[in-house]
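# Structural overview
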Amino acid sequence: MSTGTATAAPGRRRPPVRPARILLHTFLVVTALAWLAPLLWAVFAALRPYAETSTKGYVSWPDRLTLDNFTNAFEQSDMTHYFGNTLLIAVPAVLLTLLLSSMVAFYVSRFDFRLNLFLLLVFTAGNLLPQQVIITPLYRLYLLVDLPGITASGKLYDSALGLVLIHVAFQSGFCAFVLSNYMRMLPHELTEAALVDGASVWRMYAQIVLPLCKPAMAALATLLSIWIYNDFFWAIVLISTGENMPITSALNNLSGQYFTDPNLVAAGALLTAIPTLIVYFALQRQFVSGLTLGATKG
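Description of the structure in this document. (Residues numbered from 1 in each chain as written. Predicted model: local features only at pLDDT ≥ 70, side-chain atom pairs only at ≥ 80, totals over all residues. Heavy atoms only, no water.)

## Thoughts on the packing of helix α4 (residues 79-110) against helix α7 (residues 160-184)
- Between α4 and α7, the least distance of the axes is 6 Å, while the angle of their chain directions is 35°. α7 is crossed by α4, and the crossing has right-handed handedness. (Axes fitted to C-alpha atoms, helices over the stretch in contact; angles between N-to-C directions. Helix = DSSP H or I, 4+ residues; strand = E, 2+ residues; numbered from the N terminus. Left-handed = near helix turned anticlockwise from the far one by under 90°.)

Structure (C-alpha cells):
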C-alpha cells in the first residue's frame, strides 16, 4: 500500500553542448562584431574633438566626449536643405516604382498570354545591366531632353525629376519580380469571382489584389527607401548644381580644399543615416513579415 508520500520527479538533464554549436555561436559573435566595429568606431570618433585625436591619436582613451561635432556637421553642411532635396527625390521615386511594378506584376501573374514570362524577364533584366555601362549615352540623352517650365534647369539634366525617373527605371524590375511571385500565391478564385460579379480589371487590381499585397509592398518600400536614399552615383552623374544634390552629397561640404576633419565627417555620416533607421524601425514588422512570406504554410 502506498505510504502517501510523493517523490519528486527527477529533473530533466540538459543535453551536453556540442563543439559544433560552440563554434557556430563563436562565428556569429565574431561576425556581428566585425560588422559593428566600423559603426562603433565612427561613433567613437564623432564624439571626440579633433584637437584631442590629432594630439593623442584615435587609438587612445578620450579625455572628454562631446556632441559638438554633430551640431557643427549639421550646420556647416546645411543638412536641412539637402534632406528636403532627398525627400523630393525618394518619396516620388518609391511611390511610382511600387505603383508601376505592382501593375506589371498584376498583369503577368493574373493573366495568361504568350509573352507573359518574356515581359517579366525584360523588366528583371534591367537590374542585371551595370549602371556604368549606360552612363555616357544616358548623360547625353538627359542633356538633349528639354523641359522648359517644368524643371529649373529647363532640361531633364540637373533636376530632381531626372533622378526620380532613373530610380524608377532601375528599381521597377526587381519590384515587379518580387510582387509577381507574391501575387501568384494568391488564390485565383478571388479574381475569378470578382470577374463573374462584373468587376473591371482596374477594380480587381485596386480593391482585391493590391490590399492583399501590403506585407510585400511594405518590405519593398523599406528596401527602396534605403537604396534610393543612399544613392550617390546617379546624383553625381546627373546633377551639376550643388544646391540640387541629395543628402549623400552634403558630406562634401564638410571637406575643405586643404583640410578635412575626419571626426566632423564621421558625425555627418551618422546624421545622414538616421532617416534610414527611422524608416526601417517604422516598417520593421511589415519588412520582416514580407521577407518571410512563403517560408511556412498554414
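## Brief notes about the side chain of Ser102
- Mapped onto the elements, Ser102 comes out in helix α4.
- Its relative accessible area of 1% is what places Ser102 among the buried residues.
- Within the structure, the side chain of Ser102 is placed 2.7 Å from the backbone oxygen of Leu99, a separation counted as a polar contact.
- When sequence neighbours within four positions are dropped, the list of residues in contact with Ser102 reads Leu179, Met183, Tyr205, Leu210 and Met217. (Buried < 20%, exposed > 50% of the residue type's maximum accessible area, 1.4 Å probe, protein only. Polar contact = N/O pair within 3.5 Å; in protein donor to acceptor, adjacent residues only side chain to side chain. Contact = heavy atoms within 4.5 Å.)

## So, the nonpolar core
- Residues Leu163 and Ile166 are the most contacted members of the largest nonpolar core, which totals 55 residues.
- At the level of elements, α3 (68-76), α4, α6 (135-144), α7, α9 (201-212), α10 (214-229), α11 (233-238) and α12 (262-282) are the ones that each hand at least two residues to this core.
- At ten residues, the largest contribution of residues to this core is made by α4.
- Aside from chain neighbours lying at most four places away, what touches Leu163 is Ile89, Trp234, Ala235, Leu238 and Ile239. (Core = buried A, V, L, I, M, F, W, Y, C linked by side-chain atoms within 4.5 Å.)

## Side note on the side chain of Asp231
- Topologically, Asp231 is positioned in the loop between α10 and α11.
- Here Asp231 sits buried without a salt bridge, and the closest side chain of opposite charge, Arg140, lies 21 Å off (N-O distance). (Lys, Arg positive; Asp, Glu negative; His and termini not counted. Salt bridge = Lys/Arg side-chain N within 4 Å of Asp/Glu carboxyl O.)

## Things to note about a nonpolar patch on the surface
- A cluster of nonpolar side chains, Leu96, Leu99, Leu100, Met103 and Trp202, forms an exposed patch at the surface whose accessible area comes to about 440 Å².
- With four residues, α4 is the largest single contributor of residues to the nonpolar patch.
- Following the sequence through the fold, Met103 ends up in helix α4. (Patch = residues over 30% accessible without salt bridge, like charges linked within 9 Å, V, L, I, M, F, W, Y side chains within 5 Å. Areas by Shrake-Rupley, 256 points an atom, 1.4 Å probe, with all protein chains shown as cover.)

## Details of unusual backbone geometry
- One non-glycine residue, Asp78, lies in positive phi territory at about 55°.
- With respect to the helices and strands, the residue Asp78 is situated in the loop between α3 and α4.
- Phi is positive for Asp158, close to 60°, though the residue is something other than glycine.
- With respect to the helices and strands, the residue Asp158 is situated in the loop between α6 and α7.

## Observations regarding the packing of aromatic side chains
- The full count for this structure, using the stated rule, is eight aromatic pairs.
- Ring centres of Tyr139 and Tyr157 lie 5.4 Å apart, and the angle between their planes is 90°; this geometry places the pair in the edge-to-face category. With Tyr139 in helix α6 and Tyr157 in the loop between α6 and α7, the pair connects residues that are 18 residues apart, well separated along the chain.
- The exposure class assigned to Tyr139 is partly exposed, which follows from its relative accessible area of 33%. (Phe/Tyr/Trp six-rings, centres within 6.5 Å; stacked < 30°, edge-to-face > 60°.)

## Let's talk about the pattern of salt bridges
- This model, assessed by the stated rule, comprises three salt bridges.
- Between Arg48 and Glu52 there is a salt bridge, and its shortest N-O distance comes to 2.8 Å. In terms of burial, Arg48 and Glu52 fall into one category: buried.

## Details of the environment of Ala206
- Position of Ala206 among the secondary structure elements: in helix α9.
- On the basis of relative accessibility, which here comes to 27%, the residue Ala206 falls in the partly exposed class.
- In this structure, the C-alpha to C-alpha distance between Ala206 and Leu36, residues 170 residues apart in sequence, is 42 Å.

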